[in-house]
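# Structural characterization, general
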Amino acid sequence: MNVAEYSIQKKTVTMVMTVLMLVGGIMAFNGLSRLEDPEFTIKDALVVTQYPGATPAEVELEVTDLIETEIQRLGQVKEIQSISKAGLSTITVTMKDKYDKDSLPAVWEQLRRKIHDVTGKLPPGAQQPVVIDDFGDVFGVMFALTGDGYTNKELYEYAKFLRRELLLVKDVAKVDLWGVQQEAIYVEFSRAQMSLLGISQNQIYQALEKQNAVVPAGSVQVGRDYVRIDSTGSIHAVADIENLILRGNEGASSLIYLRDVAKVSREYVTPPSNVLHFNGETSIALSISTVSGGNVVTMGAGVMERLAELQRQVPVGLEAHTIIMQSEAVTKAIDNFVTSLLQAIAIVIVVLLLFMGVRSGLIIGVVLLITVVATFIIMDMEAVALERISLGALVIALGMLVDNAIVVTEGMLIRIKQGEDRLQSAKTVVSQTMWPLLGATVIAILAFAAIGLSDDSTGEFCRSLFQVMLFSLMLSWVTAITLTPLLCYWFIQGPEAGQSQSSTEDAYRGAFFVAYRTFLSACLHHRWPTIGVALLLLVSAIYGFSTLKGSFFPKSTMPNFMVHYWLPEGADIRNTAADINAIEDFILEDERTKSVASFIGQGAPRFILTYTPEKANSSYGMLLVEVNDYLDIDSLMAKIRMHLAEHYPDAEPKLQRFNLGPSPDSSVEVRFSGPDPRELRRLSEEAKAILMAEGGTAVRDNWRQRVKVVRPVYADQQAKSAGISREDLNRALETNFTGTTVGLYREYDDLIPIISRAPVVERQDVAQIGNIQVWSPATNNMIPIRQVVSSFETRWEDAQIHRLNRKRTITAGGEPPLGELPSEMFARIRPQIEAIELPVGYDMEWGGEYESSTDAQTALAGGIPGSVVMMILITVILFNTVKHPLIIWLTVPLAVIGVAAGLLATGEPFGFMPLLGFLSLMGMLIKNAIVLIDQINLDLAEGKKPFVAVLDAAVSRCRPVLMAAGTTVLGMIPLLTDDFFVGMAVTIMAGLSFASILTLIVVPVLYVILYRVPAMQEAK
């Protein structure tokens, strides 16, 4: 009893299983996690080390290099990047592609151990390095809290209240605040009073530190209880700080209050570290992330529901504005894709009804629906989310899902029409086609295996394409040999009573089949000219292919874009904020703009996976612009770009749309590595000049401008005579201009720093730097620092020192002119930049989209040989001969003809997704060829002459092959409107259309050539 016979005779079991798949699939679909784009693992961690007072060069050599050397010993490390700034080392550690989200936690733990080992070797003054391994967390929901007339402190208190409440919502992982203005208690000393009363700064610092220190007071036994002792006396208000008692020159009897020598006030820290504006109003951002594996749609809905419940507790005037609501974008995207999927299913079923007949078309349509629904069950079991790639994969798979059912239905239809018993026809057809169809199905799956086996971020991003193809195509084979025979057994009718056998013995006397048979017979008679024409077409296509434009991933259709804005390095954040505020007003005046959120001082929290936040920089700001219609983005960007060029000539603006998929910082990048920063800057300037000459926009390098440094020259002899160390000098300078943290003020759950600084009239005039007072233990009095400083110098230094894999590296990059692809600009500048003469010891390498695309294709290519070998092996196993597989694989290059024609006709570039489509074509063509050659073998086994067997097999498999191609091609029509899949859809539609027609001609011709089948004249 074969599978088909069992399915028919045990029809109750078959139908119960079918109903379970239908119901279970619907339930699984409703419970599947939903995302707009697939997740991919950010394999980066940050190692941040503070080294206060050190220059960028000192940070690089004394901290960064030491930590990098230790990190390099980890075998899991792929790349190390670092930025050394004044007082700060930031190292980005990227792990090898093979480590995923399950194995990375163990890797991060090893990284922490390495960092712990090196901590003891750091120079005095360097703080404990901090490892940040949640750098890749995505905050898919973000609100801006604003309130007319409310202070930042009041906004902060409300934000903390919301954070406590929203952390209780299902699937919420973290709630972070951004844009909070740090408060401080400022103690401003009067030099005159301190000198008069003989009070040193250290005395005050010690008093502040000791007064608010948390020190245990012990416990005591009281009866049967053991009671903790808790003394009072800590600081609870600004007045408590003012009333601190100090001792002056006159000894213990002279008590002096802090307010006698200093002014105490509570203010916001200036300058702020970061600032957030929303539509021009100062605000605080509430960023919310989803737990791993959570449903962002239900999380977003839960957050909105909880906010609505809390509305009654919101003070009047406070508002929460949406900056990012990924759940709404996901719902819209999923709805659109589900609509595309339903449209594709409808198209496929209509095609089947038109060309297979009502009964056969409905049978295959029902099998298709069951297969698609059952796929959701396995997706749920394997935690594959509903997102752009997985749903797009289903649309792509639709045409292939009916292939197996078409072959079985076609076979049974012909046999039943010829009068054969329906059960016997089911047994015969399934037994003849089951294993060839399985082999062809596995080969079609293996065509997508390269992307499933790729470990890089691009492969991980597209992995669900392979997974869905695997699930759905294997299910299509199962339903083709079980459910399809049963439905054909029930609904396909035999010849009517009294109908002569001769009227049904040949089902291929239609005009189309007769015309095809005649044409194919002519080609078989003129086999070499036929092959010559095919080769001519192939050579022409290869030439056309060489003229195609290149691309990586297309731009996103989300209604947002970014305006990155850099002032010259070292700019005050308050100046940056002022510029950003003016730019906001300009953008908001345009009616196409819906909202503008500005993140000043550093990049926004990572709100989508493809966005990498800019690290902290006072000269940087980013405006996240939302428009009413994404089609207006390009025109609005052009207007803003022109405005910025006219009104902000010193700035470095960069307008950027979001990409669909992983993307680099700049589209075109070149890196130079070497020891001397001056030489690196010279090479970068040459590269930037070439970029600008070729029309590049947003051209800049990552080292940015050098900055001024005021350097007091420490007079060693005079300073030692006064008992003043270099540390004392630096502390006095810091206290005067910036302020020195000398203690903490506890207020509920907040720790507010107590900062010592000079009065405003003293700290804002750099000309008075020589008059800054420093305590001299030798004279027991305050003296001006000019007595311990020989001179003041102004020097230039590199504010940022970038390294890649422990080598100093500068990266110059830019964007192509409007309307031009990065690959087109790259092709022009590549020979010019590669012609730059490099000194000995310097290296040059390409980054940007070229590197990302090359890396992705390299990772993809790593899986291709294994997949191809498996495919070849399967074809050999199926036919137990070498000639059959040779015929099959010789037809694969024919896909190039259609692909080149399709992409050239539509103007689509050949990017990563078209490359995947091209690889998938290989499986589709091999599947068609297998079905055709298998039929030739069956006809030969029935005793037909070879020439007739080839003709009969080609004619009998003509309809299944063309139907499979037609359903695949027409089913992809909905994807033509999707920017992400359009290139892939055009590739498959054009390639499969041309190649399927050519397969029906070239495979028979190659067969008669390799097997030397003599031509013969058919009987009329």
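That block above? That's the structure.
Quick look at the structure, then. (Residues numbered from 1 in each chain as written. Predicted model: local features only at pLDDT ≥ 70, side-chain atom pairs only at ≥ 80, totals over all residues. Heavy atoms only, no water.)

Summing up its helical and strand segments, the protein chain has 34 helices and 31 strands in all. Each principal axis of the C-alpha atoms in the protein chain carries an extent, and together these give about 130 × 80 × 55 Å. A total of 1020 residues make up the protein chain; the buried ones form 54% of that total. Considering only contacts in the protein chain between residues 6 or more positions apart, those separated by 24 or more positions represent 80%. As presented, the protein chain carries roughly 44200 Å² of accessible surface, and 56% of it is formed by carbon and sulfur atoms. (Helix = DSSP H or I, 4+ residues; strand = E, 2+ residues; numbered from the N terminus. Buried < 20%, exposed > 50% of the residue type's maximum accessible area, 1.4 Å probe, protein only. Contact = heavy atoms within 4.5 Å. Areas by Shrake-Rupley, 256 points an atom, 1.4 Å probe, with all protein chains shown as cover.)

Turning our eyes to something else, we now look at the side chain of Lys85. The residue Lys85 is located in strand β2 (residues 77–85) in this model. Buried within the structure, Lys85 lacks any salt-bridge partner; its nearest side chain of opposite charge belongs to Glu569, at an N-O separation of 5.2 Å. Beyond its immediate stretch of four places on either side in the chain, Lys85 contacts Thr55, Pro56, Val59, Ala616, Asn617, Ala799 and Gln800. (Lys, Arg positive; Asp, Glu negative; His and termini not counted. Salt bridge = Lys/Arg side-chain N within 4 Å of Asp/Glu carboxyl O.)

A few words now on the sheet that holds strand β17 (residues 560–566). Taken together, 6 strands build an open sheet; the order of strands is β14-β13-β18-β19-β17-β20 and the sheet is antiparallel. Since the sheet does not close on itself, it has two edges, and those belong to β14 (281–282) and β20 (652–657), each with one partner. Two strands pair when backbone bridges link them, and β17 and β20 are joined in this way by 6 bridges, in the antiparallel orientation. Looking at the pairing, Trp566 lines up with Glu652 of β20. Those strands touched by helix α21 (residues 573–588) are β13 (275–278), β17, β18 (593–600) and β19 (620–627), and its axis lies near 175 degrees from that of β18. (Pairing = 2+ DSSP bridges. Axes fitted to C-alpha atoms, helices over the stretch in contact; angles between N-to-C directions.)

Next up on the list: the packing of helix α28 (residues 848–879) against helix α29 (residues 883–890). Remark: α28 packs on α29, axes separated minimally by 8 Å, with the N-to-C direction vectors making an angle of 135 degrees. Regarding the angle of α28 to α29, the classification is oblique. When the axes of α28 and α29 are compared, the crossing they make is right-handed. Across from Val868, Met871, Ile872, Thr875, Val876 and Phe879 in α28, the residues of α29 making contact are His884, Pro885, Ile888 and Trp889. (Parallel < 35°, antiparallel > 145°, perpendicular 65-115°, else oblique. Left-handed = near helix turned anticlockwise from the far one by under 90°.)

Before going further, it helps to examine the environment of Asn617. Along the chain, Asn617 falls in the loop between β18 and β19. Classification of Asn617 as buried rests on a relative accessible area of 7%. Counting along the chain gives 17 residues from Asn617 to Ile600, while the straight-line C-alpha distance between them is 8.6 Å. Sequence-distant contacts of Asn617, that is, excluding residues within four places in its chain, are made with Lys85, Glu569, Gly601, Gln602, Arg704 and Gln800.

Owing to its 3.6 residues per turn, the α-helix aligns residues three or four sequence positions apart on the same side. Relative to the 20 Å expected for 14 residues at 1.5 Å per residue, helix α33 (residues 958–971) spans 19 Å between its end C-alpha atoms, a close match to the ideal helical length. Across the 14 residues that make up α33, a large majority, 12, are buried. (Expected span 1.5 Å × (residues − 1).)

Pairing in this open sheet of 4 strands is mixed, and the strands run β12-β7-β25-β24 from one edge to the other. Edge strands, defined here as strands with exactly one partner in the open sheet, are β12 (262–268) and β24 (740–747). Strand-to-strand twist in this sheet, taken as the mean axis angle between neighbours without regard to direction, amounts to 25 degrees. Bridge count for strand β7 (residues 183–189) against β12 is 7 bridges, and the pairing is antiparallel. Residue pairing in the sheet places Ile185 in a bridge with Arg266 of β12. Helix α5 (residues 152–166) contacts β7, β12, β24 and β25 (750–757) of the sheet and is inclined by roughly 155 degrees relative to β25.

With that settled, consider the pairing of strand β30 (residues 807–815). Within β30, 8 of the 9 residues are buried, leaving the element largely enclosed by the surrounding structure. Relative to β30, strand β22 (residues 697–701) is paired through 3 bridges, and the arrangement is antiparallel. Within the sheet, the bridge partner assigned to Asp701 lies in β30 and is Ala812. Sheet topology places strand β29 (residues 801–804) next to β30; 2 bridges connect them, and they run antiparallel. Opposite Arg803, over in β30, you have Arg808 as the bridge partner. In sequence, β29 turns back onto β30 through a hairpin of 2 residues, with Asn805 there showing a positive phi of about 50 degrees.

All right, on to the pattern of salt bridges then. Within this structure, the stated rule accounts for 53 salt bridges. A salt bridge links Arg704 to Glu569; the nearest nitrogen and oxygen atoms lie 2.7 Å apart. Within this pair, whereas Arg704 is found in the loop between β22 and β23 (706–714), its partner Glu569 is found in the loop between β17 and α21, the two being separated by 135 residues in sequence. Of the two residues, Arg704 and Glu569, both sit in the buried class. In this structure, the salt-bridge partner of Lys654 is Glu815, at a minimum N-O distance of 3.7 Å. One end of the pair, Lys654, is in strand β20; the other, Glu815, is in strand β30, and 161 residues separate them in sequence. In this structure Glu815 comes out as buried when scored by relative accessible area, which is 11%.

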